[in-house]
Amino acid sequence: MSESAEIAVVGAGVVGLAIAHRLASAGREVVVIDPAQPGSGASYGNAGTVADYAVQPVGTPDVLRNLPSLLLDRNSPLAIRTAALPSLAPWLWRFARQSLPGAARRNAMALAALLADAAPRWRSLSADIDGGAILQDRGCLYWYRTDRALAAAEADFRFRRSCGVAMERLTAPELAALEPGLPVDGGGAAFFPGALFMTDPGKMVGRLANAAAARGATFVAGRVTLLSRRPGGVRLGGPGVALTARHAIIAAGAHSRDLARQAGDRIPLETERGYHLEWDMDVPPLTRPVCPTDRGFYICPMAGRLRVAGTVELGGLDAPPSPHRIARLREGARSVFAGLPDPDRDWMGFRPSIPDSLPVIGPSSRGADVLFAFGHGHIGLTLAPVTAEMIAAQILGNAPLPGAAAVRAQRF
């Protein structure tokens, strides 16, 4: 292709599609570029939660104290591929600094500001794209399987409440009454009533893509590998792409780092490899997402299937899926539902991870002709409409949203 456009969005995940939909709805000319089917990566394979409660960054003082054992334990919810350790060392140093008490608190406050409006924005967006039936308003559970684990979580409960998160502490009988399919024996749960979840995130993202196209956005199958500023605009090139745009928006998730560097910013972006397993079934044994906190994954009742998704593996974009991580998810699922057979399918995708757990949203340091919208880690689905509004504010000249200063590229 050889064209020009007003706005080029690089990346057709949920964040890029939300941006394209928002700007096309405002009457702007938008081209979305991605080599894959829209929404086919991490936007499809996630836990489906709109997690307004996710104010804790990945890096905290507790994580910092246990970081060596966490990273070197193959069974840890936070693990690292040993072969990737040399290349990850600079990122891990930044992560350790962001896990110190003061930094972790600042990052949590910034996350809380970003998340405060996520659920109402998703309600509005889902209604606009005919996705209302996919979005469920039943909350989410953190399940503490022993009395000791529930008691140890009290400090976390207080912290989340101090960040404005609505939550209820449930006893074991209350949890069993809410989710009779869980094998509850002691302990209890934290119930987050404001959380939403999607029974089919892939279908929701597909409807978002269709709605963006209906508003006038066009889609190009190509991979952007080159970015340069020219007198006539931002030049984007690569296999299947030769386009000049007045504004280029980098929303390519885990693939965004090199393009950001070409725009003039060295962003400490690394790749988390996320996994899920699925079991086909007519009626899943749960009615809302549940996270067994001792395992660090989510059990999610999707349409026609049960999905187990999560854990963190730092390991780059090139290595094949880890059979060990898949086996750990299978074992963890069977620790909850003992009769599960072998899963019907497994999946691995890539999350873009920043050391402070905050995304990068806003103009590049060398000008607003290139804007960034990546690095959302575990909350890309949650923050997609918030990110879209932040980018729209830059292009349309609207007032900035709360929290915009904390996610600028210039913080590095």
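As the structure is a prediction and not an experimental result, all values here were calculated from the model.

About the criteria used
Residues numbered from 1 in each chain as written. Predicted model: local features only at pLDDT ≥ 70, side-chain atom pairs only at ≥ 80, totals over all residues. Heavy atoms only, no water. Helix = DSSP H or I, 4+ residues; strand = E, 2+ residues; numbered from the N terminus. Buried < 20%, exposed > 50% of the residue type's maximum accessible area, 1.4 Å probe, protein only. Contact = heavy atoms within 4.5 Å. Areas by Shrake-Rupley, 256 points an atom, 1.4 Å probe, with all protein chains shown as cover. Pairing = 2+ DSSP bridges. Axes fitted to C-alpha atoms, helices over the stretch in contact; angles between N-to-C directions. 1 Å grid on protein atoms, 1.4 Å probe; cavity = no way out; pocket = protein on both sides within 12 Å on 5 of 7 lines; lining within 4 Å. Points joined across faces, edges and corners; volume = space filled by probe spheres on them. Nonpolar A, V, L, I, M, F, W, Y, C, P; charged D, E, K, R; others polar. Phe/Tyr/Trp six-rings, centres within 6.5 Å; stacked < 30°, edge-to-face > 60°. Expected span 1.5 Å × (residues − 1). Bend = angle between axes of the 7 residues up to and from the residue. Core = buried A, V, L, I, M, F, W, Y, C linked by side-chain atoms within 4.5 Å. Salt bridge = Lys/Arg side-chain N within 4 Å of Asp/Glu carboxyl O. Arc of directions from axis to C-beta. Polar contact = N/O pair within 3.5 Å; in protein donor to acceptor, adjacent residues only side chain to side chain.

Participant: It is not clear to me how the overall build of the protein should be interpreted in this structure. Could you clarify?
Facilitator: A tally of regular secondary structure across the protein gives 14 helices and 20 strands. If one aligns the C-alpha atoms of the protein with their principal axes, the spans along those axes are about 65 × 45 × 40 Å. Buried residues in the protein amount to 56% of all 412 residues. Sequence-distant contacts in the protein: of pairs separated by 6 or more residues, those separated by 24 or more amount to 75%. Carbon and sulfur atoms make up 53% of the accessible area of the protein, which totals about 16,500 Å².

Participant: Please clarify how the sheet that holds strand β9 (residues 196-198) should be interpreted in this entry.
Facilitator: Across the sheet, which stays open at both edges, the three strands sit in the order β3-β9-β5 with antiparallel pairing between neighbours. The open sheet has two edge strands, β3 (49-50) and β5 (135-136), and neither has a second partner. Alignment of β5 against β9, held across two bridges, turns out to be antiparallel. Following the sheet pairing, Leu 135 is matched in β9 by Met 198. Contacts from helix α7 (residues 118-128) reach β3, β5 and β9 within the one sheet, and its direction differs from that of β9 by about 40 degrees.

Participant: What is the right way to look at empty space enclosed by the protein in this model?
Facilitator: In total, this model carries one cavity of 30 Å³ or more according to the counting rule given. In this structure, the largest cavity spans a volume of roughly 70 Å³. Those elements that provide at least two residues to the lining of the largest cavity are α4 (67-72), α5 (85-98) and β17 (305-314). The greatest single-element share of the lining of the largest cavity, amounting to three residues, is contributed by α5. Here the residues of the lining of the largest cavity sort into ten nonpolar, two polar and one charged.

Participant: Can you help me understand the packing of aromatic side chains in this one?
Facilitator: Here a ring pair, both rings aromatic, is described through the centre-centre distance and the interplanar angle of the planes. Under the counting rule described, the total for this entry stands at seven aromatic pairs. Aromatic side chains Tyr 142 and Phe 192 sit 5.1 Å apart centroid to centroid with 80 degrees between the ring planes, which places their arrangement in the edge-to-face category. Separated by 50 residues along the polypeptide, Tyr 142 in strand β6 (residues 140-144) and Phe 192 in strand β8 (residues 188-192) bring together distant segments of the chain. Across the pair, Phe 192 and Tyr 142 agree in class, each one buried.

Participant: Quick question: what am I supposed to make of unusual backbone geometry here?
Facilitator: Not every positive phi belongs to a glycine, and Asp 130 is a case in point at roughly 65 degrees. Inspection of the secondary structure assignment puts Asp 130 in the loop between α7 and β5. The phi dihedral of Ser 357 is positive, around 65 degrees, even though this residue is not glycine. By secondary structure assignment, the location of Ser 357 is in the loop between β18 (345-353) and β19 (360-364).

Participant: Looking at this model, I keep getting lost on α5. Mind explaining?
Facilitator: One turn of an α-helix holds 3.6 residues; hence residues three or four places apart share an orientation. The end-to-end C-alpha distance of α5 is 19 Å, a good match for the 20 Å that 14 residues give at a rise of 1.5 Å each. At Trp 91, α5 shows its maximal kink, close to 35 degrees.

Participant: Would you take a moment to explain the nonpolar core for this structure?
Facilitator: If you look at soluble globular proteins, the nonpolar side chains tend to sit buried side by side. Ranked by internal contacts, the top residues of the largest apolar core, which has 78 residues, are Ile 19, Val 30, Tyr 53, Trp 122 and Ile 249. Per-element tally for this core: the top contributor is helix α14 (residues 380-396), with nine residues. Of all hydrophobic cores here, the second largest spans 27 residues; its members include Leu 243, Leu 259, Ala 260 and Phe 374.

Participant: Looking at this model, I keep getting lost on the pattern of salt bridges. Mind explaining?
Facilitator: Side chains that differ in sign of charge can pair as their charged atoms come close. Scanning the entire structure with this criterion turns up 26 salt bridges. Note that Glu 278 and Arg 307 form a salt bridge whose closest N and O atoms lie 2.7 Å from each other. Here Glu 278, found in strand β14 (residues 270-280), pairs with Arg 307, found in strand β17; they are 29 residues apart in sequence, far enough to count as distant. Here Glu 278 and Arg 307 have matching classes, each one buried. Salt bridges sharing partners connect three or more residues here, namely Asp 200, Glu 278, Asp 280, Arg 305, Arg 307 and Arg 345.

Participant: Would you explain helix α13 (residues 323-336) in this entry?
Facilitator: Here α13 contains 14 residues, and its C-alpha end-to-end distance of 20 Å stays within 8% of the 20 Å for a straight helix at 1.5 Å per residue. Inspection of α13 places Arg 325, Ile 326, Leu 329, Gly 332, Ala 333 and Val 336 among the buried residues, and these make up the whole buried set. Buried residues along α13 cover an arc of 125 degrees about the axis, so they all sit on one side.

Participant: Please explain the side chain of His 276 as it appears in this structure.
Facilitator: Looking at the secondary structure, you find His 276 in strand β14. Residues within four places of His 276 in sequence aside, it is in contact with Tyr 44, Gly 45, Arg 307, Val 308, Ala 309, Leu 329, Arg 345, Asp 346 and Trp 347.

Participant: It is not clear to me how the layout of surface pockets should be interpreted in this structure. Could you clarify?
Facilitator: Empty space among the atoms becomes apparent when a probe as large as a water molecule is rolled across them. Looking at the second largest pocket, its volume works out to about 270 Å³. Among the secondary structure elements, those contributing two or more residues to the lining of the second largest pocket are α5 and α6 (101-115). When grouped by side-chain class, the residues that make up the lining of the second largest pocket number six nonpolar, two polar and five charged.

Participant: Before we go on, may I ask you to explain the side chain of Ser 43 in this structure?
Facilitator: Along the polypeptide, Ser 43 turns up in helix α2 (residues 42-45). On the accessibility criterion, Ser 43 (10% relative accessible area) is buried. In terms of polar contacts, Ser 43 uses its side chain to reach the backbone amide nitrogen of Val 14, at 2.7 Å. Contact partners of Ser 43, with chain neighbours within four places excluded, come to Gly 13, Val 14, Pro 201 and Val 205.

Participant: What's the story with the pairing of β19 in this structure? I'm lost.
Facilitator: Here is the key point about a regular strand: its side chains alternate between the two faces of the sheet. Summarising burial for β19: five of the five residues are buried, a large majority. From the end of β19 to the start of strand β20 (residues 367-374), which pair antiparallel, there are two residues.

Participant: How do you make sense of the environment of Thr 171 when you look at a structure like this?
Facilitator: Its location among the elements puts Thr 171 in strand β7 (residues 168-171). Residues Thr 171 and Ala 189, 18 residues apart in the sequence, show an inter-C-alpha distance of 6.7 Å.

Participant: Would you mind showing me how to read the environment of Leu 92 here?
Facilitator: One can find Leu 92 in helix α5. Remark: the alpha-carbon pair of Leu 92 and Val 14, spanning 78 residues in sequence, is separated by 27 Å.

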